[in-house]
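Descriptive structure summary
Chain by chain, the residues:
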Amino acid sequence: MLPGDFDIQILKPTRKRVVLGLVALASTLGFLVVLGFVLTFILSSWWARPIVFGYDEGPDQPIAFPHTTHVQDLGMECTFCHRNVEKGASASVPAVSLCMTCHKVVGDDSEEVAKLREYYDLGKSINWVRIHRVPDHVQFVHDAHIKHFSGEGKTVVETMTNPDSQIFLEDAKKMKRDSSINPGDIKDIESSEVCAVCHGDVASMSKVKQVRPLKMGDCVNCHRDNNAPAECAVCHY
Amino acid sequence: MRLPSVQCVTIRNENIMDLTRRQFLQMVGGSATGAVLFAACGVPEESRYINSPHQMPEDLVTGLDNWYATLCRQCTTSEGLVVRVVEGRAKKVEGNVDYPINLGKHSAKCEASLQSLYNPDRIDRPLLRVGDRGKGEFNEIGWSDALARITNQLQILQTQNKQNGFVMITDPLSAHLGDVTQRFVSGFGGRHLQYETIERTNISRAMKEVYSQEIMPDFDISNSAYILSFGADWLNTWTSPTRYMRAYGEFRQGKDRERGTLVHVDPRFSATAANADQWVPINPGWEGILALGIANVILSDGLVSDSIRSSLSPDDIAIIDQYTPEKISLDVGVNADKIRLIAHEFSSHAPALAIGGGSAAAHTNGLFNMKAVYWLNYLVGSVGVEGGVIFNPEPPVPSVGKYSSSFEDFRNLSQEMSRGEISALMIRGADPWYGLPEDSGFRRATFEVPFIFAVSNFLDDTTAMADLILPENDAFEDWGSDIPDPAPGYQLIGFQQPVVRPFYENLGDELGTKNFADIMIGLAPQLGLDLALPGTTFTEILKAGAEDLWRENRGSITAADFDSFWYGVLQRGGWWDKDSKYQGTIPSVSNVPNPKSPKFDHSPSQFPYHLIPFTSTGIGDGEGAFLPWLQATPDPITTATWQTWLEINVYDAEKLEISEGDVISVTSASGKSIDVLAFPHPGVPPGVLSVPIGQGHISGGRYSEDRGSNIMSILTPNVDEESGALAWAATKVRIEKTGEWMRVPKLENTFSEFPRDENQHIIKVTPDESSSDH
């Protein structure tokens, strides 16, 4: 033993110490297991979302439906297909039969339209990959939000040019790409013009993707900015 | 001592890289738990997609619910319902607040009707018998083939000129379906019998003979001050319980009125008895004589008005004079003072109401019992007045009588079947094979019928005997109408509309289910019958019926055009006219019914116990046994579920050393026996045994078959000779312990822990009470 070194006394493994050691070891292991589960829960709940700590590319859909063609080029309103958005909680996706009202005769040269017709002929439904989803314990009611932002004489607060930007609202927002509209204008806002508040400029997306986190913080911030109630039971009921 | 440990270390070193069984299991368990937890934290697979349906009608929007008004066909008196439908699927049933029968309330049977729609044992395609009759072996067959076979069989009868060899047995039908059935059967030249396990023959006969009414009157319970009921468990199962229960709430706690008094006379402690101010246990079958005893007190003590007294003939008074309380008290089993007290209270609380039914109507003198009970209403001036018996008007559309055929009719039919006189039997919505006593001969006789076809959703005991089974739409998938019996004192017709598309329509035209009336309408032209119906489908017939109502321009819905009227009717679940009350005369006091004592054929020493079967709260008389929610609906008295039990007096049980759960063999004088679970109960009079009806099905699906015992099968087929009704409460039995034991499935704990009030017993029935009275 070197002089000056501490006299390290090796602890004799008495029965008490062994038991204490084992208890400490078991507690540590237990803590690590619990920590592992908690981390697994948190991480998996994030990974299972379309976005992982950021904004992903939109997923491939069974039919590559181009919102660009339908909204930008043809000028169709969102509410033409998502018919329930002003009426109830769910915006609803259109039935295959609704698509076929046009595509019986339109789009003969498109492979995607051919897929659609096949679905229709076989009487099958289309399982679209869901992009926007809130957890089961959250109730999001589309019609209430649409009614809040749309209507007559709304003040335009901000216009949107970048579909990826997050925008905070006060009264209403003109989301359409329309160069003639400026913040501060008083406008009558159609239902279809406010979808973009949460969904971004879907009209310009060839593949729809999520542009806002749609996590609780996002909801609460928006509610506060718009003087909407932010009590728990507003969404968790 | 060291040697073994050294060896141990050595072994460990050798196997250090090996995986022990324990380690392997730990790792597997750990990784499985991890996988489950990881998966559980994620998004469920079905939430990753949004389904874009092939077709989307307006009522199929995701997340939007629709409420459709329709009728419950599980209840004996159809109740008005609104059904919540989400994305084309029926989800929840609620009472229709507009519908006059139930005014927003609904029974457990209505609630469980969803399970009929989604039942895993539903028949989804026509079936043809392949094995021996009754073995339950069937093969799939197309609708056109099935209907061709029926047509063929019925055409043979026509060519042989033996149309009277065709018999149709259905549940009691009314309104438009009753009309179509009547036209089909009479057009063909056959016979139509309406079957109910608990028939209403004696009550309907009593209404006719006492009140000259063809239609069941309404009992104005809510406005009554005093109700004296005999045997009818009207707060639980009898006739129209939801309506009566609602009225009972008014009767007890209605605004601006005194609390009504309820006295219930019954050999069984039923839910109505439990709610009564006073339960009067009576010797079974003596209810009519007790009613005469009460009449005797009312007359002799001058409790009757002069006008009523003067309308009684000397013969009537002479009959009543014979039945003094002292004279009858021993037979009836009720103390003379108590009879006097009841008579005084009954006559001094106007309006008072006497109601009878249940086991009181099911003795060899059942018709007399009913007549005597309902006759009491004359004596207290409660006929045709508020708070008493209110007569019902004729129904708004022509309707066949809803009353069931009598037991005698079925016994005669069984004999005809045995003699080979019946060539084709059609069954719909009725299960006589289950409900008729084995000694009636019906079961044996079914083997003698060459062709049986059943229209049924489930393979109940009768359907299982069929050669051909045609599946019917569920009530929630189908059109219909119903005239409630009894109506609420004015004209009412309920309309039933489909709330969902037929569940099995995707099986194509050849398979799946159909409407019963449409089957008959389809068969008629093949058989050369002209039914002279106002439409080619049942829906058209219903609409034509509604159009007649629209033209009358009165009642709950009036409209400028028929379409608005029709939508109004469907939205409100029916049509009624509160001003269309009974217009006929109130009959003057009828003659006192001829007294008749009950007969029990068998020696008391051999068969010492009275057997009082009773209708189950949930599964009724067995028709609801295939619905698990009804199976699990606890009996209000015992809280028992899912089984057949035997309510026996606690002292009787003590004497025989019977305790709860002992498997008891009950043997009737017919020599048949069943096994049931003992349930000693302080509310059963000594010498009386009560057993619920409804279990013991041979077939009927996973929830009903091979469960409990069928009490109806062992009954001795005694009848009331005057009416031909089955005296199902007149069977005497003996019991034996089998030595087996099974836990009674019940919600409540044992009765030994029942809170007792030593000074004021809640239930006072001991063997000593009745003996000390006499």
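Bear in mind that the values here come from a model prediction, so they are computed numbers and not experimental data. (Residues numbered from 1 in each chain as written. Chains lettered and ligands numbered in written order. Predicted model: local features only at pLDDT ≥ 70, side-chain atom pairs only at ≥ 80, totals over all residues. Heavy atoms only, no water.)

Residues and elements named next belong to chain B. Membership of the largest hydrophobic core comes to 71 residues, with the highest contact counts inside it found for F219, W234 and I294. Ranked by residues supplied to this core, first place goes to helix α14 (residues 366-379) with 10 residues. Residues within four places of W234 in sequence aside, it is in contact with I221, I227, S229, P241, Y244, Y248, L262, T272 and I355. I422, L425, F442 and I664 belong to the second largest nonpolar core, which has 54 residues in total. (Core = buried A, V, L, I, M, F, W, Y, C linked by side-chain atoms within 4.5 Å. Buried < 20%, exposed > 50% of the residue type's maximum accessible area, 1.4 Å probe, protein only. Helix = DSSP H or I, 4+ residues; strand = E, 2+ residues; numbered from the N terminus. Contact = heavy atoms within 4.5 Å.)

What follows concerns the pairing of strand β22 (residues 645-649) of chain B. Residues and elements named next belong to chain B. Burial analysis of β22 places five of its five residues in the buried class, the great majority of the element. Side chains W645, E647 and N649 of β22 all project onto a buried face; the interleaved residues L646 and I648 project onto the opposite face, where all are buried too. Bridge count for β22 against strand β24 (residues 673-681) is five bridges, and the pairing is parallel. Its bridge partner lying in β24, I648 is registered against P680. When β22 meets strand β25 (residues 688-693), the two strands line up antiparallel, connected through two bridges. Across the sheet, E647 pairs through a bridge with S690, a residue of β25. (Pairing = 2+ DSSP bridges.)

Axes are the key here: two packed helices are described by the angle between their axes and the distance separating the axes. Residue and element names in this part refer to chain B. Viewed as axis vectors pointing N to C, helix α5 (residues 175-188) and helix α18 (residues 516-526) meet at an angle of 30°, and their least axial separation amounts to 10 Å. On the basis of their axis angle, the class for α5 and α18 is roughly parallel. Judged by the sense of rotation from one axis to the other, the crossing of α5 with α18 is left-handed. Residue-level contacts link L177, V180, T181 and F184 of α5 to F516, A517, M520, I521, L523 and A524 of α18. (Axes fitted to C-alpha atoms, helices over the stretch in contact; angles between N-to-C directions. Parallel < 35°, antiparallel > 145°, perpendicular 65-115°, else oblique. Left-handed = near helix turned anticlockwise from the far one by under 90°.)

The next subject is the domain arrangement of chain B. All names here are of chain B. The assigned domain composition of chain B is domain 1 (68-117), domain 2 (127-198 + 398-577), domain 3 (218-390) and domain 4 (609-741). A separation of 30 Å is found between the C-alpha centroids of domain 1 and domain 4. Taken together, the seven residues of domain 1 in the interface contact 10 residues of domain 4. Between domain 1 and domain 4, a total of about 740 Å² is buried, with carbon and sulfur atoms accounting for 67% of that surface. Interface area lost by domain 1 to domain 4 is led by Q74, K109 and Q115, which between them contribute 62%. (Domains from an automatic or database assignment. Buried area = accessible area lost by both parts, 1.4 Å probe.)

Right, let's talk about a negative patch on the surface for a bit. A contiguous patch of negative charge, built from E77, E86, E152, D188 and E190 of chain A, is present on the exposed surface. Along the chain, the position of E77 of chain A falls in the loop between α2 (67-73) and α3 (78-81). (Patch = residues over 30% accessible without salt bridge, like charges linked within 9 Å, V, L, I, M, F, W, Y side chains within 5 Å. Areas by Shrake-Rupley, 256 points an atom, 1.4 Å probe, with all protein chains shown as cover. Salt bridge = Lys/Arg side-chain N within 4 Å of Asp/Glu carboxyl O. Lys, Arg positive; Asp, Glu negative; His and termini not counted. Charge placed at Lys NZ, Arg CZ, Asp CG, Glu CD.)

Let us now look at the pairing of strand β23 (residues 662-668) of chain B. Residue and element names in this part refer to chain B. Burial runs high along β23: seven of the seven residues are buried. Neither face of β23 is open: one carries D662, I664, V666 and S668, the other V663, S665 and T667, and all of them are buried. Connecting β23 to the next strand, β24, in antiparallel fashion are four residues, including G671 with a positive phi near 90°.

The strands that make up a sheet are held in pairs by hydrogen bonds between backbone atoms, and each pair lies either parallel or antiparallel. All names here are of chain B. The strand order across the open sheet formed by three strands is β2-β3-β4, and the pairing between neighbours is antiparallel. Strands with a single pairing partner mark the edges of an open sheet, and in this sheet they are β2 (65-71) and β4 (89-95). Across this sheet, the average inter-strand angle for adjacent strands is 30°, counted without regard to direction. Relative to strand β3 (residues 80-86), β2 runs antiparallel, the two being bridged by seven bridges. Counted as the bridge partner of W67 is R84 from β3. Here helix α3 (residues 108-117) sits on the sheet and contacts β3 and β4; the angle it forms with β4, its principal contact strand, is near 160°.

Residues and elements named next belong to chain A. An ideal rise of 1.5 Å per residue puts 16 Å on 12 residues; helix α5 (residues 111-122) measures up with 17 Å between its terminal C-alpha atoms. Here α5 has its buried residues at V113, L116, R117 and Y119. All buried residues of α5 fall inside an arc of 155° around its axis, so they share one side. Exposed residues pointing more than 90 degrees away from the buried face of α5 are listed as E111, D121 and L122. Looking at the packing, one finds that the buried side of α5 touches α4 (96-103) and β1 (126-129). Sitting at the amino-terminal end of α5 is S110, which places a side-chain oxygen 3.1 Å from the backbone nitrogen of E112. Trailing α5 by a residue or two, G123 shows a phi angle of about 70°, which is positive. (Expected span 1.5 Å × (residues − 1). Arc of directions from axis to C-beta. Polar contact = N/O pair within 3.5 Å; in protein donor to acceptor, adjacent residues only side chain to side chain.)

Attention now goes to the sheet that holds strand β18 (residues 480-482) of chain B. Residue and element names in this part refer to chain B. The three strands are arranged β18-β19-β20 in an open sheet whose pairing can be described as antiparallel. Two strands bound the open sheet, and with one partner strand each, they are β18 and β20 (574-581). Sheet twist, expressed as the mean angle between neighbouring strand axes with direction ignored, is 15°. Of the pairings in the sheet, the one linking β18 to strand β19 (residues 490-496) comprises three bridges and is antiparallel in character. Bridging across to β19, D482 finds its partner in G494. Sheet strands touched by helix α19 (residues 538-552): β18, β19 and β20. Its angle to β19, the strand with the most contacts, is close to 150°. Along the sheet, helix α20 (residues 562-572) makes contact with β19 and β20, crossing β20 at roughly 95°.

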